[in-house]
Amino acid sequence: MKRLRGSRPAGPPPRPSIEPVRAQRRASNSGIIMVAGQKVALGRLHRHQTVTVTVSETTLAIELTDGDIKVVRRTTTQPVRSIKGQRPRIATSVS
């Protein structure tokens, strides 16, 4: 039996998740994070801090370490590719 090129399984296509996606990001030296292809400036006050971002279809809700929540409108339609981005690198030993 030959398989057709570009064929898809029968039935409706899978539906994307309706609930928001939660991701973690570590702010850069200048306090910037990138989620779903969108850069968000948090400020130098938050540099090197790990924040949790709730990504919905239209907004990014960023939970800052001091308890505040910053809500930013999404400008991209790209999906979230990684849940944990830029984890801190710790050297095990110094030679």
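Calculation rules
Residues numbered from 1 in each chain as written. Predicted model: local features only at pLDDT ≥ 70, side-chain atom pairs only at ≥ 80, totals over all residues. Heavy atoms only, no water. Salt bridge = Lys/Arg side-chain N within 4 Å of Asp/Glu carboxyl O. Helix = DSSP H or I, 4+ residues; strand = E, 2+ residues; numbered from the N terminus. Buried < 20%, exposed > 50% of the residue type's maximum accessible area, 1.4 Å probe, protein only. Pairing = 2+ DSSP bridges.

Attention shifts here to the pattern of salt bridges. Enumeration over the complete set of coordinates arrives at one salt bridge. One salt bridge in this structure joins glutamate 63 and arginine 22, with 3.3 Å as the shortest N-O distance. One end of the pair, glutamate 63, is in strand S5 (residues 59-63); the other, arginine 22, is in strand S1 (residues 21-26), with 41 residues separating them in the sequence.

Another point: the pairing of strand S3 (residues 38-41). Side chains Gln38 and Val40 of S3 all project onto a buried face; the interleaved residues Lys39 and Ala41 project onto a face where none is buried. Bridge count for strand S2 (residues 32-35) against S3 is four bridges, and the pairing is antiparallel. For isoleucine 32, the partnering residue across the bridge sits in S3 and is alanine 41. What sits between S2 and S3 in their antiparallel hairpin is a turn of two residues, with alanine 36 showing a positive phi close to 55°.

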